[in-house]
Amino acid sequence: MFEKIFAILSGEDDEPAELIDDELWLSTLQSVPLLTALAADKQHRLRVLSERFIQDKQFCGGDGLEPDRAMITRIATLACLPVLELGLAWLAPIREIVIYPAPFLVRHDHPDEFGIVHEGYETLSGEAWDHGTLVLAWPDVLESGGMDEGHNVVIHEIAHVLDNGNGAFNGFPPLHRSMDIAEWTREFTAAYESLNRQLDRGDATLIDPYAATAPTEFFAVTSEYHFERPDILAQAYPQVARLMADFYGGGNIDL
Ligand SMILES: [Zn+2]
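Fair warning: this is a prediction, and the values are worked out from it, not measured in the lab.

(A) Looking closely at the overall build of the protein. A count of helices and strands for the protein gives 10 helices and seven strands. The 255 residues of the protein split such that 47% are buried. Put simply, of all contacts in the protein between residues at least 6 apart along the chain, 64% involve residues at least 24 apart. Counting every atom, the protein has about 12,700 Å² of accessible surface; 52% of that belongs to carbon and sulfur.

Below, the structure is given as structure tokens:
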């Protein structure tokens, strides 16, 4: 079922191939508005990170999909964008990326408030496992980076990896030394509770209601907006938007 891509780093004549050649890099940038919009120096740094990411990680296809260089480059670039100012070490927990041709069905066991585990199946567009596997549905990757509705499945899953950097999926990633831990907890809790109250009242929300399902989903969904539609995030939760800029800016406000 899982097919490892062995040939990606070497040409047929065993000459070491350039990881991302100029043509592939330009077509990747041009096909994703979020990448096209980056300043030239950020694009350059992103290319360096993406090449290292491709070297370090295994890319596999599920259900008969064979990832090609364009798919791998697009995913690597979107995966590295959130750590452009943080550094690639934040993505060290990821060992492999599995790409499915369509949203995939997974079995989840949900413990309820009484501790009884309910088994169920869910259709997902992406998933981050805490033992180093990132699972992505290719159609959702293609819809990421459009800077329209604020959705980006790759950034969403990478945000879960960053969140888990201190050992728990709880919407609290390791913060920079310059950041105020109490402020993060206070502002994110207030925004999360406010979103849940809005939904309980049946009100329309500015951001995707999926953010209200758990603190880790709130962090992952607001991370998507931070990169794709920071204007919507700033309108919905200005304090969260500011803290996101601090976090993803690597301690620099100017992202
Ligand atoms: Zn999620």
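Here the narrative resumes.
(B) Region of interest: helix 6 (residues 153–163). Along helix 6, 11 of the 11 residues are buried, which leaves the element largely enclosed by surrounding structure. Here helix 6 has its buried residues at Val-153, Val-154, Ile-155, His-156, Glu-157, Ile-158, Ala-159, His-160, Val-161, Leu-162 and Asp-163. Between the side-chain oxygen of the N-cap and the backbone nitrogen of Val-154 there are 3.2 Å, and the N-cap of helix 6 in question is Asn-152.

(C) Representation of the nonpolar core within the structure. The biggest cluster of nonpolar side chains holds 68 residues, and the ones touching the most others in it are Phe-53, Phe-59, Ile-97, Trp-184, Phe-218, Phe-247 and Tyr-248. Two domains each donate at least three residues to this core, and these are domain 1 (1–143) and domain 2 (170–255). Core analysis: the next-biggest nonpolar cluster, separate from the first, contains eight residues, Cys-60, Val-98, Val-135 and Ala-137 among them.

(D) View of the coordination of the zinc ion. Ligation of the zinc ion by protein atoms is provided by His-156 (NE2), His-160 (NE2), Glu-217 (OE) and Glu-217 (OE), these donors lying 2.0 to 2.7 Å from the ion. In terms of primary sequence, the donors binding the zinc ion are separated according to H-x3-H-x56-E. With His-160 in helix 6 and Glu-217 in helix 8 (residues 215–228), the pair connects residues that are 57 residues apart, well separated along the chain. Glu-217 shares its class with His-160; the two are buried.

(E) Main features of unusual backbone geometry. In this structure, Asp-63 is a non-glycine residue whose phi angle is positive, near 55°. With respect to the helices and strands, the residue Asp-63 is situated in the loop between strand 2 (58–61) and helix 4 (69–80). Positive phi, normally seen in glycine, also occurs at Met-147, with a value near 55°. Along the chain, Met-147 falls in the loop between helix 5 (138–142) and helix 6.

(F) Structural detail: the packing of aromatic side chains. One pass over the structure, following the stated rule, counts 12 aromatic pairs. Taking 6.0 Å as the distance between ring centres and 70° as the angle between the ring planes, the aromatic pair formed by Phe-219 and Phe-247 counts as edge-to-face. Residue Phe-219 is located in helix 8, and its partner Phe-247 is located in helix 10 (residues 238–248); the two are separated by 28 residues in the primary sequence. By relative accessible area, Phe-219 is classed as buried at 0%. Measuring from ring centre to ring centre gives 6.4 Å for Phe-219 and Tyr-248, while their planes differ by 10°; the resulting arrangement is stacked.

(G) Expanded view of the confidence of the model for the protein. When pLDDT is averaged along the protein, the result is 88, and 85% of the positions lie at 70 or above. When mean pLDDT is compared element by element in the protein, helix 7 (residues 181–200) scores highest at 98, while strand 1 (residues 3–4) scores lowest at 42. For residues 1–16, every residue scores under 50 in pLDDT, and the model assigns this stretch 26 contacts once sequence neighbours within four places are set aside.

(H) Fine view of the pairing of strand 2. Summarising the sheet, strand 2 and strand 3 (residues 96–100) pair through four bridges and their orientation is parallel. Among the inter-strand pairings, Cys-60 is bridged to a residue of strand 3, identified as Val-98. Taking the sense of rotation as the criterion, the β-α-β connection linking strand 2, helix 4 and strand 3 turns out left-handed.

(I) Up close: the pattern of salt bridges. Summed over the entire model, instances satisfying the criterion amount to seven salt bridges. Across the salt bridge formed by Arg-201 and Asp-203, the nearest N and O atoms sit 2.9 Å from each other. Arg-201 sits in the exposed class, given a relative accessible area of 55%. When its relative accessible area of 34% is taken as the criterion, Asp-203 is described as partly exposed.

So, how was this worked out
- Residues numbered from 1 in each chain as written.
- Predicted model: local features only at pLDDT ≥ 70, side-chain atom pairs only at ≥ 80, totals over all residues.
- Heavy atoms only, no water.
- Helix = DSSP H or I, 4+ residues; strand = E, 2+ residues; numbered from the N terminus.
- Buried < 20%, exposed > 50% of the residue type's maximum accessible area, 1.4 Å probe, protein only.
- Contact = heavy atoms within 4.5 Å.
- Areas by Shrake-Rupley, 256 points an atom, 1.4 Å probe, with all protein chains shown as cover.
- Polar contact = N/O pair within 3.5 Å; in protein donor to acceptor, adjacent residues only side chain to side chain.
- Core = buried A, V, L, I, M, F, W, Y, C linked by side-chain atoms within 4.5 Å.
- Domains from an automatic or database assignment.
- Donors = N, O, S within 2.8 Å, 3.2 Å for Na, K, Ca; no water.
- Phe/Tyr/Trp six-rings, centres within 6.5 Å; stacked < 30°, edge-to-face > 60°.
- pLDDT = per-residue confidence, 0-100.
- Pairing = 2+ DSSP bridges.
- Right-handed = clockwise from strand over helix to strand, strands pointing away.
- Salt bridge = Lys/Arg side-chain N within 4 Å of Asp/Glu carboxyl O.

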